[in-house]
Amino acid sequence: MKFDLTSLKAFIAGDRQADRVVPPSGFTAQLTVFAAGAMAFLAVFALALSLASGRLAKQWGDELARSATIRIVAPLDQRAAQTDAALRILETTKGVATARALTDAEQQALLAPWFGPDLALDTLPVPRLIEVIEDSDGMDAVGLRLRLSAEVPGAILDDHARWRAPLIKAASRLKTLGWLSIVLIAAAVAAMITLAAHAALAANAQVITVLRLVGATDDYIAQAFIRRFTLRALSGAGVGMVVGMIAMLLLPSGNDAASFLTGMGFQGWHWLLPLFIPLLAGGVAFAATGSAARRTLRELA
Amino acid sequence: MIELENVAYSYGGGELLSDISLKLAPGSFHFLTGPSGAGKTTLMKLCYGALLPTAGHIRLFGADVRGLDRDDIALVRRRVGVVHQDVKFLDHLSVSDNVSLPLTVSGRHAEAGGADLHELMSWVGLTNRADALPPELSGGERQRAALARAVIMSPDVVLADEPTGNIDWEMSQRLLRLLIELNKMGKTVLIATHDLSLIRATKAHVQARVLRIANRRIQLAGADL
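Residues numbered from 1 in each chain as written. Chains lettered and ligands numbered in written order. Predicted model: local features only at pLDDT ≥ 70, side-chain atom pairs only at ≥ 80, totals over all residues.

### With respect to the overall build of chain B
Stated precisely, the cut-off is as follows: Numbering of helices and strands runs from the N terminus; a helix is a DSSP stretch of H or I covering at least four residues, while a strand is a stretch of E covering at least two. C-alpha atoms define the radius of gyration in this analysis, and the globule rule sets the expected value at 2.2 Å times the number of residues to the power 0.38. Burial is judged by counting other C-beta atoms within 10 Å of a residue's own C-beta: 20 or more means buried, 12 or fewer means exposed, and anything between counts as partly exposed, with every C-beta placed from the backbone. In this description, any two residues whose backbone-derived C-beta atoms lie within 7 Å of each other are considered to be in contact.
Helix and strand content of chain B: nine helices and ten strands. Taking 2.2 N^0.38 as the reference for a compact globule, 225 residues should give roughly 17 Å; the C-alpha atoms of chain B span a radius of gyration of 17 Å, in line with that estimate. Over its C-alpha atoms, taken along the principal directions, chain B stretches across nearly 45 × 40 × 30 Å. Counting across all 225 residues of chain B, residues that qualify as buried make up 44%. Long-range contacts, defined here as pairs at least 24 residues apart, represent 69% of the contacts in chain B between residues at least 6 apart.

Right under this line is the structure:
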């Protein structure tokens with residue numbers, strides 16, 4: 001089928017006569033619409049999953065790569081001295097933008113979820129934490145570790161690489177899986193539309209024979225089916241997409257940006273992306289019906 | 001218009017038609033007769049591209065049928081009006097929509113509901129049945145509707161396979177007059193029938209040639225008919 005702007009316009013405007021030559025089909029049409037809707041609904045979530053895990057991987061990669069933590073594990077009386085020594089080393093370390101010891105109040109806030117707010121921190125040998133922010137060049141973690149072990153025996157450098165790497169890996173895997181799901185959903189829509197179109201064409205074999213006898217071209221006959229299935233997929237996916245978006249809007253949003261589950265939704269211009277799902281479904285239906293129709297018509301009279 | 005040159009056609013094992021040469025000149029009127037199963041319908045189908053010959057050449061409007069693609073065949077059928085023995089319609093459309101279907105599918109919707117349609121419907125006596133659905137029609141009405149559908153495009157050639165099979169003598173006379181009128185307007189007409197009285201009645205009005213299929217071959221029948 002030739003495809004240019006004029007034929008696209010004609011396709012959208014439709015040919016009422018051409019639509020009428022194929023008998024209306026009630027129940028199976030609704031099934032097609034429903035399946036397209038369900039697939040679009042799932043596609044919205046797959047898309048949200050991909051985007052959220054992509055965002056998360058990037059966020060973890062960016063923020064955590066720029067920060068490290070030093071724990072000063074020492075008896076209470078030496079803790080302050082070792083902390084100062086560590087901070088002095090950090091001041092002269094290349095690649096460190098800022099370094100700062102957390103206050104008691106901050107450490108208490110960090111521990112509160114585990115021990116409750118009434119914890120008397122000063123009576124416990126809680127290690128002091130130093131937050132290190134690297135500059136854009138990054139620091140030499142191995143060299144720093146060596147220097148710390150020489151001068152501050154109680155200092156343990158954690159550059160987060162150990163637990164960051166698998167998390168980022170998992171997040172990007174999740175992102176890949178999300179995109180793969182979208183591809184699979186599109187393929188399933190194509191398969192479903194192809195089956196439905198085949199069934200419709202087979203059920204209308206006599207109609208097609210009559211149309212061929214009176215001089216209808218294959219394109220004319222195919223058009224009636226293609227238009228029907230494309231519009232069904234488009235409308236079904238439109239409804240599914242809207243319902244999916246509403247569900248995404250209703251997801252509870254947490255204040256904590258780092259939390260994965262509450263960060264599932266779309267952000268910013270990403271809200272526009274699901275709008276392409278119905279178009280994708282329509283395009284898939286257009287192609288699937290077209291090839292099914294051409295194949296079937298060749299076999300018929 | 002339609003030329004067959006040493007055409008043969010075989011179904012599976014046996015040869016049904018062999019060495020058939022036939023030329024339907026513009027404005028000619030032919031009857032095709034022969035016993036049932038002799039291949040009248042097959043010959044008809046060869047004439048509008050529904051079947052391809054197993055040997056020989058068929059030229060439709062000057063083009064070899066083997067060189068035509070599906071779209072070309074569709075265009076040929078707009079110039080050939082066909083009345084089938086077992087008439088098929090689109091059962092969900094009214095009789096008048098079915099009669100104007102060839103106009104609809106060739107993009108001439110504007111004419112589909114025009115005056116020609118009404119005239120044609122009254123000519124075949126179906127004005128009162130215009131809004132009926134095809135399954136509600138009697139056998140004779142179906143055949144009249146099929147003839148109306150075959151000629152609405154004002155085709156160059158009309159092929160009719162037993163067009164009077166299901167209808168009474170008076171109505172078959174009417175259909176025949178319609179076909180004779182069309183022939184006088186310059187259309188080529190080929191009617192397959194085994195109704196000899198129909199052939200005799202026609203010969204009084206028009207110069208008709210009678211072809212007979214016998215022993216897989218086609219012969220020009222004598223003047224005795």
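### Concerning the overall build of chain A
If you tally the helices and strands in chain A, you get ten helices and four strands. Mapped in sequence order, the helices and strands of chain A form the string α-α-α-β-α-β-α-β-α-β-α-α-α-α.

### Overview of the sheet that holds strand 4 (residues 155-158) of chain A
Residues and elements named next belong to chain A. Rules: In this description, strands pair whenever DSSP reports at least two bridges between them. Lines are fitted to the C-alpha atoms to define the axes, a helix being fitted only along its stretch in contact, and any angle between axes, read from their N-to-C directions, falls within 0 to 180 degrees.
Pairing in this open sheet of four strands is antiparallel, and the strands run 2-3-1-4 from one edge to the other. What marks the edges here is a single partner per strand, and that holds for strand 2 (96-101) and strand 4. Recorded for the sheet is a direction-independent mean angle of 20° between the axes of neighbouring strands. Across six bridges, the pairing between strand 1 (residues 67-72) and strand 3 (residues 128-134) is antiparallel. Note that in strand 3 the partner of T69 across the bridge is E131.

### Let's talk about the sheet that holds strand 1 (residues 2-10) of chain B
Strand-to-strand pairing in sheets goes through backbone hydrogen bonds, with the strands running parallel or antiparallel. Residues and elements named next belong to chain B. Overall, antiparallel pairing links the four strands, which are arranged 2-1-4-5 in an open sheet. Two strands bound the open sheet, and with one partner strand each, they are strand 2 (15-24) and strand 5 (63-64). For strand 1 and strand 4 (residues 55-60), the ladder comprises five bridges, and the chain directions are antiparallel. Bridging from a neighbouring strand, E3 pairs with R59 of strand 4.

### Quick notes on the nonpolar core
Residue and element names in this part refer to chain A. Put simply, the rule is: By convention in this section, buried Ala, Val, Leu, Ile, Met, Phe, Trp, Tyr and Cys residues joined through C-beta atoms within 7 Å make up a nonpolar core.
Judged by nonpolar contacts, the single largest core of 118 residues is most densely connected at I193 and A281. Among residues more than four places away in sequence, those in contact with I193 are T32, F229, A233, V284, A285, A288 and T289. Counting 13 residues, the second-largest nonpolar core is a separate cluster that includes V132, M139, V152 and L157.

### Points about the interface of chain B and chain A
Inclusion rule: Three residue categories are used. Nonpolar comprises Ala, Val, Leu, Ile, Met, Phe, Trp, Tyr, Cys and Pro, charged comprises Asp, Glu, Lys and Arg, and polar comprises the others, including Gly.
Chain B puts 19 residues into the contact, and the matching count from chain A is 18 residues. Secondary-structure elements contributing two or more residues to the side of chain B that touches chain A are helix 2 (70-79) and helix 4 (101-105) of chain B. With five residues, helix 2 of chain B is the single largest residue contributor to the side of chain B that touches chain A. Tallied by class, residues from the side of chain B that touches chain A come to nine nonpolar, four polar and six charged.

### Describing unusual backbone geometry
Residue and element names in this part refer to chain B. Although it is not a glycine, N6 adopts a positive phi angle of roughly 50°. Position of N6 relative to the elements: it lies in strand 1. Even without being glycine, E162 reaches a positive phi, approximately 45°. One can find E162 in the loop between strand 7 (157-161) and helix 8 (169-184).

### Quick look at the pairing of strand 7 of chain B
Residue and element names in this part refer to chain B. Here is the rule we go by: A crossover gets the label right-handed when its path from the first strand over the helix to the second runs clockwise, viewed with the strands pointing away from the viewer.
Counting buried positions along strand 7 yields five of five residues, so the element is predominantly enclosed. Across four bridges, strand 6 (residues 80-83) lies against strand 7 in parallel orientation. Each bridged residue has a counterpart across the sheet, and for V82 the counterpart in strand 7 is L159. Taken together, strand 7, helix 8 and strand 8 (residues 188-192) constitute a β-α-β crossover, and its handedness is right-handed.

### Concerning the packing of helix 7 (residues 161-203) of chain A against helix 9 (residues 218-250) of chain A
All names here are of chain A. Let me state the cut-off plainly: Should an angle fall under 35 degrees it is taken as roughly parallel, and over 145 as roughly antiparallel, whereas 65 to 115 is taken as roughly perpendicular and any remaining angle as oblique. In this scheme, a crossing is called left-handed if the near helix is turned counterclockwise away from the far one by less than a right angle; it is called right-handed if the turn is clockwise.
Interhelical geometry of helix 7 versus helix 9 gives an angle of 140° and a closest axis separation of 11 Å. Judged by the angle between their axes, helix 7 and helix 9 are oblique. Helix 9 is crossed by helix 7, and the crossing has right-handed handedness. Along the contact surface, helix 7 presents V189, I193, A196, A197, A200 and L201, while helix 9 presents F225, F229 and A233. For the contact of helix 7 with helix 9, the per-class residue count stands at nine nonpolar, no polar and no charged.

### Some thoughts on the confidence of the model for chain B
Residues and elements named next belong to chain B. Applicable threshold: The pLDDT score gives, residue by residue, the confidence of the prediction method on a 0 to 100 scale.
Mean pLDDT over chain B stands at 86; residues scoring 70 or higher make up 96%. Per-element averaging of pLDDT across chain B places helix 5 (residues 109-112) at the bottom with 66 and strand 8 at the top with 92. Interface confidence for the predicted complex, given as ipTM, is 0.87, next to a pTM of 0.73.

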